[in-house]
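Each chain, written out:
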Amino acid sequence: MTRPAEQLETITRGSVDLIERKELIQLLEQGKPLRVKVGFDPTAPDLHLGHAVLFTKMRQLQNLGHQVIFLIGDFTATIGDPSGKTTTRPQIDSPEIQANAATYTAQVFKILDRERTELRRNSEWMNSMSAAELIKLAQHYTVARMLERRDFNSRYLQQQPISIHEFLYPLVQGYDSVMLKCDIELGGTDQLFNLTVGRVMQKQFGQNPQCVLTTPLLLGLRGEDKMSKSAGNYIGLAEPAETIYAKIMSVSDERMWHYYELLSLIDNTQLDKLRKDVANGANPRDAKDALAFELAGRLHDEKKAHAAREKFVATFRRREFPADPEKIIITAQPNEKINLSMILKQANLVASYSEYRRMMAQNGIRVNGSKIAEDIVCRHGEEYLIQIGKRRFAKIILS
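Read on for an overview of the structure.

Criteria and cut-off values
- Chains are numbered independently. Their residues run from 1 in the order of the written sequence.
- Local features in this predicted model are restricted to residues whose pLDDT is 70 or higher, and side-chain atom pairs enter the listing and the counts only when it is 80 or higher, whereas totals over whole chains, interfaces and linings include all residues.
- Hydrogens and waters are ignored; side-chain quantities use all the structure's heavy atoms.
- Where helices and strands are cited, they refer to DSSP runs of H or I of at least four residues and of E of at least two residues respectively, numbered from the N terminus.
- Every radius of gyration here is taken over C-alpha atoms, with the globule rule written as 2.2 Å times N^0.38, N being the number of residues.
- In this scheme, a residue with accessible area under 20% of its type's maximum is buried, one over 50% is exposed, and one in between is partly exposed, where area comes from a 1.4 Å probe on protein chains only.
- Polar contact is defined as a pair of N or O atoms within 3.5 Å, subject to the rule that within protein one atom must be able to donate a hydrogen and the other to accept it, and that residues adjacent in sequence are counted only when both atoms are side-chain atoms.
- In this scheme, strands are said to pair when DSSP sees at least two bridges between them.
- Working rule for contacts: check all heavy atoms of both residues, and any pair within 4.5 Å makes them a contact.
- Interaxial angle, 0 to 180 degrees, is taken between N-to-C directions of lines fitted to C-alpha atoms, where a helix line uses only the stretch in contact.
- By definition, a salt bridge exists where a carboxyl oxygen of Asp or Glu is found within 4 Å of a side-chain nitrogen of Lys or Arg.

**Description of the overall build of the protein**
- A tally of regular secondary structure across the protein gives 18 helices and 13 strands.
- The C-alpha radius of gyration of the protein comes to 24 Å, within 12% of the 21 Å expected for a compact globule of 399 residues.
- Taking the principal axes of the C-alpha coordinates as reference, the protein spans close to 70 × 50 × 35 Å.
- Split into buried and exposed, the 399 residues of the protein put 47% on the buried side.

See below:
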């Protein structure tokens, strides 16, 4: 097994919070595989690279010889995670949860090693828990401690409703760590309170408290907000290899290092060398190409990654419009006329009208192969080949 100091460097790369560093070093010095837990509530069917930040950290720990537990929160999903919420979350029906969970297991093993992953669901122990046992569990944490949580405290001070069942969420998440006997739990920065509840719960049940490691939110393709499907700035884990490759190549040179740090499996020595090479004059496009190839290959396979690279070179470097661009259908009424700016914003090809105007002023928008200098009117029943900048292509169909 890799030396503790080297393991610590890999584990903490790109991290934000570590509780407690001394405890983690002591665990690593014991030389035994650690039990590493990450929980995901199946609240939506699709995963994207924002979720893959934690998957990548899990894979790094697997590569170091540790045991990773992928916990599907099919019980906690029925409660709803209150993290960062200003109102009570609506509950999700069980059939939807189970359907989403099935897609998670299909997508997560694009990154994790299936043979070295312990796949669990917290319904295993929570569905059989009696009301009396749940009340006894609730005795291990106080309302005062719950109200230390920022979002709960804010809602309380603003006299916004907090349902009793919302207090159960961090309590159950903490109890999951007890049942799984975790040494480390990973999560996003928004999960810090929930993760630390696990430490308290483990102490209450006579276990050593788990270490807690948080990772930052991955910024979206345009770099201004977190990656989100609703914002249209995401890369889905299930997207085709050529789409993943092209989207990574569209990330800015500066933002590329953010993606490298959080998503790449290359070691710190290799990453430092890449940074130095670019700083000394190497073309950042080559470093970005290596990242795009790595991610396309991990989410698919090397053969598809090579094909994606070849297609990208043919499409973008030789200025060829792709034969099968992304198709976007916009609903329009017969005889209706719609401004292109409105269509591109609705299709998430531009973030705002101001971005549309800026791109147009920079000759960055082409329609059917021609640059445009003013907003144009599109008509029902017509198709438009759109190019945004150098790397985004789409066929808009007004139907």
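**Structural notes on the environment of Gln191**
- As for its position among the elements, Gln191 is in the loop between β5 (184-188) and α11 (192-204).
- The buried category is assigned to Gln191, whose relative accessible area is 14%.
- Residues Gln191 and Pro170, 21 residues apart in the sequence, show an inter-C-alpha distance of 9.3 Å.
- Within the structure, Gln191 has its side chain in polar contact with the side chain of Asn194 (distance 3.1 Å).

**A closer look at the sheet that holds strand β2 (residues 35-40)**
- Pairing within the open sheet is mixed, and its six strands lie in the order β1-β6-β5-β2-β3-β4. A strand with exactly one partner marks an edge of an open sheet, and here the two such strands are β1 (18-19) and β4 (117-121).
- Along the sheet, helix α10 (residues 164-180) contacts β2, β3 (67-72), β4 and β5; its crossing angle with β2, the most-contacted strand, is approximately 145°.

**Regarding the pattern of salt bridges**
- By the definition in use, this model includes 14 salt bridges.
- Between Asp74 and Arg121 there is a salt bridge, and its shortest N-O distance comes to 3.8 Å. Within this pair, whereas Asp74 is found in the loop between β3 and α4 (76-79), its partner Arg121 is found in strand β4, the two being separated by 47 residues in sequence.
- For Asp74, a relative accessible area of 7% gives the class buried.

**Comments concerning the pairing of strand β13 (residues 392-398)**
- Among the seven residues that make up β13, five are buried, leaving the element largely enclosed by the rest of the structure.
- Inspection of the sheet shows strand β7 (residues 326-330) paired to β13 by five bridges, in the parallel sense. Note on β13: the bridge partner recorded for Ile330 is Leu398.
- As judged from the six bridges shared by strand β12 (residues 383-388) and β13, these two strands associate in the antiparallel manner. Residue pairing in the sheet places Tyr384 in a bridge with Ile396 of β13.
- Counted between consecutive antiparallel strands, the loop separating β12 from β13 contains three residues, among which Gly389 sits at a positive phi close to 65°.

None of the figures reported here should be taken as evidence of function without further support.
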